[in-house]
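So the chains spell out like this:
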Amino acid sequence: MSSVTVGRGEAPLRPGRIVRLPGVYAPQADSYFLAGALRREGIGPGMDVLDLCTGTGALALRAARLGARVTAVDISRRAVATARLNASLAGLRVSVHRGDLLAALPGRRFDAVISNPPYVPVPRAALPRHGAERAWDAGRDGRALLDRICDTAPDALRSGGLLLMVHSALSRPEETVRRLERAGLSASVGERISIPFGPVLRGRLDWLHDRGLLPAGANTEELVIIRARKG
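Residues numbered from 1 in each chain as written. Predicted model: local features only at pLDDT ≥ 70, side-chain atom pairs only at ≥ 80, totals over all residues. Heavy atoms only, no water.

## Here we look at the overall build of the protein chain
Part 1 of the reasoning: Counting secondary structure elements, the protein chain contains seven helices and eight strands.
Part 2 of the reasoning: Since a compact globule built from 231 residues should have a radius of gyration of about 17 Å, the 17 Å found for the protein chain is in line with a globular shape.
Part 3 of the reasoning: Projected onto its principal axes, the C-alpha positions of the protein chain cover 50 × 40 × 40 Å.
Part 4 of the reasoning: Counting all 231 residues of the protein chain, 50% fall into the buried class.
Part 5 of the reasoning: At a minimum sequence separation of 6, the contacts of the protein chain that also span at least 24 residues come to 70%. (Helix = DSSP H or I, 4+ residues; strand = E, 2+ residues; numbered from the N terminus. Rg over C-alpha atoms; globule rule 2.2 N^0.38 Å. Buried < 20%, exposed > 50% of the residue type's maximum accessible area, 1.4 Å probe, protein only. Contact = heavy atoms within 4.5 Å.)

## Some words on the packing of helix α4 (residues 146-156) against helix α5 (residues 173-182)
Part 1 of the reasoning: Between α4 and α5, whose axes approach to 8 Å, the crossing angle comes to 25°. Taken together, the axes of α4 and α5 are roughly parallel relative to one another. The element α4 and its partner α5 pack so that their crossing is right-handed. On α5, the residues that touch Asp147, Cys150 and Asp151 of α4 are Thr176, Arg179 and Leu180.
Part 2 of the reasoning: Here the residues of the contact of α4 with α5 sort into two nonpolar, one polar and three charged. (Axes fitted to C-alpha atoms, helices over the stretch in contact; angles between N-to-C directions. Parallel < 35°, antiparallel > 145°, perpendicular 65-115°, else oblique. Left-handed = near helix turned anticlockwise from the far one by under 90°. Nonpolar A, V, L, I, M, F, W, Y, C, P; charged D, E, K, R; others polar.)

## What about the side chain of threonine 56?
Part 1 of the reasoning: Position of threonine 56 relative to the elements: it lies in the loop between β2 (48-52) and α2 (58-65).
Part 2 of the reasoning: Taking relative accessible area as the criterion, threonine 56 reaches 2% and is therefore assigned buried.
Part 3 of the reasoning: Separated by 3.4 Å, the side chain of threonine 56 and the backbone nitrogen of alanine 58 make a polar contact.
Part 4 of the reasoning: Residues in contact with threonine 56, not counting those within four places in the same chain, are Ile18, Val19, Arg20, Val24, Tyr25, Pro27, Thr82, Ala83 and Asn86. (Polar contact = N/O pair within 3.5 Å; in protein donor to acceptor, adjacent residues only side chain to side chain.)

## Observations concerning the state of the cysteines
Part 1 of the reasoning: Applying the stated criterion to the full structure yields zero disulfides.
Part 2 of the reasoning: The closest cysteine sulfur to the non-disulfide-bonded cysteine 53 is located on cysteine 150, 12 Å from its own sulfur.
Part 3 of the reasoning: For cysteine 150, a relative accessible area of 0% gives the class buried. (Disulfide = S-S within 2.5 Å.)

## Thoughts on the nonpolar core
Part 1 of the reasoning: Formed by 68 residues in total, the largest nonpolar core has its most connected members in Leu38, Ile43, Val49, Leu50, Val94 and Leu180.
Part 2 of the reasoning: Top element by residues in this core is strand β6 (residues 157-168). It accounts for six residues.
Part 3 of the reasoning: For leucine 50, the contacting residues outside a window of four places in its chain are Thr71, Ala72, Val73, Leu102, Leu105, Phe110, Ala112, Val113 and Ile114. (Core = buried A, V, L, I, M, F, W, Y, C linked by side-chain atoms within 4.5 Å.)

Structure representation (structure tokens):
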């Protein structure tokens with residue numbers, strides 16, 4: 001497991017020029033972090049890759065540039081339109097579907113599943129159905145989407161298939177690893193990175209402190225990449 005701290009002057013690996021419709025999640029540190037890991041984890045030619053919660057399609061495009069055959073899914077109509085537009089502008093073939101996670105592609109199997117899902121804890125339990133918050137709010141423990149992916153992704157992987165998923169340490173990576181192992185995968189935290197708080201977390205600091213999710217005086221968030229393999 002590697003640990004990286006982003007400092008001033010460092011240039012994160014970006015997944016190419018991206019446009020987006022209003023309300024669609026813009027690629028940020030978590031997107032760049034996972035995009036940089038795809039080559040290191042062997043994503044490349046001859047592989048069928050699924051990008052869950054694709055947003056703008058940034059990660060799908062990164063996988064396609066590495067030579068993979070890529071399918072992408074998002075529940076947001078605007079995200080689907082944005083991902084299709086970005087694939088067209090980039091001249092890359094990405095099959096983009098609208099649907100609720102793996103329910104959009106019943107019975108399909110892939111060599112790799114990659115995902116940057118909503119994972120930010122929020123005071124309200126109900127998930128937003130509209131608006132930009134839909135791209136990051138994930139229930140009081142931040143696990144509303146993470147748990148579903150952990151429980152269903154193994155069925156979407158071929159033998160030897162790989163799951164790569166990025167989320168915040170606030171959302172309990174150890175629970176992600178446990179759930180994936182219970183689902184039959186070999187799982188671990190592959191990489192970690194520390195970043196300054198963004199505007200969403202800054203707006204929730206008091207609540208996060210009250211819940212014990214952040215220590216007093218903390219000014220950075222840790223992101224993790226979960227790596228899991230199907231035997």
